[in-house]
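What follows is each chain in one-letter form.
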Amino acid sequence: MANKKASGGASIHVRRAVSYIVLILLSFLCLFWFYVLFINATRSNGELGRGFTAIPSTHLIENLNNMLHSSQPMLSGLRNSVIISACTAALCTYFSVMTAYAIHSYDFKGKKAIFTFILAIMMIPTQVSALGFIRLITKMHLMDNFIPLIIPAIASPVTFFYMKQYMESNLPSSLIEAARIDGAGEFYTFNKVVLPLMVPAIAVQAIFSFVSSWNNYFTPALVLHDDKMKTLPILIAQLRAADWLKFDMGQVYAAIAFSIFPVIIVYLILSKYIVGGVAAGAVKG
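A brief report on the enclosed structure follows. (Residues numbered from 1 in each chain as written. Predicted model: local features only at pLDDT ≥ 70, side-chain atom pairs only at ≥ 80, totals over all residues. Heavy atoms only, no water.)

Concerning the overall build of the protein chain
Heads up, the condition is: Going along the chain from the N terminus, every DSSP run of H or I of four or more residues is numbered as a helix, and every run of E of two or more is numbered as a strand. Here the globule rule reads 2.2 Å times residues to the power 0.38, and the radius of gyration is calculated from C-alpha atoms. Burial classes follow relative accessibility: with a 1.4 Å probe on protein chains only, a residue under 20% of its type's maximum area counts as buried, one over 50% as exposed, and anything between as partly exposed. Here a residue-residue contact requires only that any non-hydrogen atoms of the pair lie within 4.5 Å.
Check the secondary structure of the protein chain and you find 15 helices and 0 strands. The globule rule puts the C-alpha radius of gyration for 285 residues at 19 Å, and the 24 Å found for the protein chain is more than 25% above it. Projected onto the principal axes, the alpha-carbon positions of the protein chain cover approximately 75 × 70 × 35 Å. Evaluated residue by residue, the protein chain yields a buried proportion of 34% over its 285 residues. The contacts of the protein chain with a sequence gap of at least 6 include a subset with a gap of at least 24, amounting to 75%.

In C-alpha cells:
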C-alpha cells in the first residue's frame, strides 16, 4: 500500500512537472514575438537590414519621433481606434447579454427558430455582404463616419452564443423569478440582477470585441477615406506602402508597438476575469 501511494505521488509530481514545462514553452512561444517586435522598434532601418539581433538598440526615441511626425496622423489614428473599439466593445457586450437574456429567460413562439437563425449568421463572412453594406451607407451619407463601424457590431452572433451558454451555467431561473415576485421591472432585473452575475463573461467578451475591432482593417478601409478619420491599422499599412526612398522599417515597427500598448492595457485591466469567465462559460457536458 505504501509503495502504491509513493508511486502515485511520484506520478503526480511528474505530470505536474510536464505541465509546467509545456506551459513555460507555450508562454515563451507566445511572448517571444512581442520581444522581437519591441527589440526591432529600437533599431534603425539600416540595422534591421543587417538581420535580427536579440540586443536592443538605441533608436527607439528616434523611431517614435519619426513615426509621430510622419505623413500619417498617428495620434488621431490612435484616438479613432480607441473610440471605435471602446464603443464597439461596450455596445456589443451589453446588447449581446440582453439578447441572450431574452432567449434564455422567456418562452415565446419562434424562439428556437430565432436562436437557429442567429447561429446561422455566424456562417456568413463579412466579405459576402461588404458590397451591399457599402452601397447602403453611401445612400445614407455615412461614409467617413464612425457609425457604420460601431452600430453593426452590436449584432454579434459569437458574443451572443457565448453569453447564452454562460447563462445556462450561471444564471438560475429562480433568481429571476424571485426578482419579479419582489416587484422588480424587467429592465431593473436585467441591469441590477443579471448584469452583475455576467461580469466575468462580459469582461472576457469585452477583451475579444475590443481586440477584434482594434485589429479590423477590412471594413474601416472601405468606409474611412479621410486621413484624419482612419484607424491605426490603415495608417500602419500606409506607412508600409510608402515609397522606397522614404520607407523606414524602424518607424513601422515603432508604429506597430505603439498600436499594441492600448490592447495590452485593456487586457491587463480585465485579465483577472478571463480564466473564471472562460471556465464558467463553457458548455456543460
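Considering the nonpolar core
Counted only if it meets this: Residues belong to one nonpolar core when they are buried, are Ala, Val, Leu, Ile, Met, Phe, Trp, Tyr or Cys, and are joined through side-chain atoms within 4.5 Å.
In this structure, Val 97, Tyr 101, Met 163, Met 167, Val 194 and Met 198 are the most contacted members of the largest nonpolar core, which totals 18 residues. If you list the elements that add at least two residues to this core, you get α4 (74-105), α8 (157-170), α10 (186-197) and α11 (199-215). Ranked by residues supplied to this core, first place goes to α8 with 5 residues. Those residues in contact with Tyr 101 that sit more than four places away from it in its chain are Tyr 106, Met 167, Leu 171, Ile 176, Arg 180, Glu 186, Thr 189, Phe 190 and Val 194. If you look at the next biggest cluster of nonpolar residues, it comprises 14 residues, including Met 67, Leu 235, Leu 239 and Ala 255.

Things to note about the packing of α4 against helix α5 (residues 111-121)
Each pair of packed helices gets described by two things: the angle between the helix axes and the distance between those axes. To keep things clear, this is the line we draw: All axes are obtained by fitting lines to C-alpha atoms, using only the stretch in contact for helices, and the reported angles, taken between N-to-C directions, cover 0 to 180 degrees. By definition, any crossing whose near helix is turned counterclockwise from its far helix by less than a right angle is left-handed, and any crossing with a clockwise turn is right-handed. Residue type decides the class: Asp, Glu, Lys and Arg count as charged, Ala, Val, Leu, Ile, Met, Phe, Trp, Tyr, Cys and Pro as nonpolar, and the leftover types, Gly among them, as polar.
At a minimum axis separation of 10 Å, α4 and α5 run at an interaxial angle of 145°. The element α4 and its partner α5 pack so that their crossing is left-handed. Along the contact surface, α4 presents Thr 99, Ile 103 and His 104, while α5 presents Lys 111, Ile 114, Phe 115 and Ile 118. Its residues assigned to classes, the contact of α4 with α5 comprises 4 nonpolar, 2 polar and 1 charged.

Worth remembering: the numbers are spatial, not functional.
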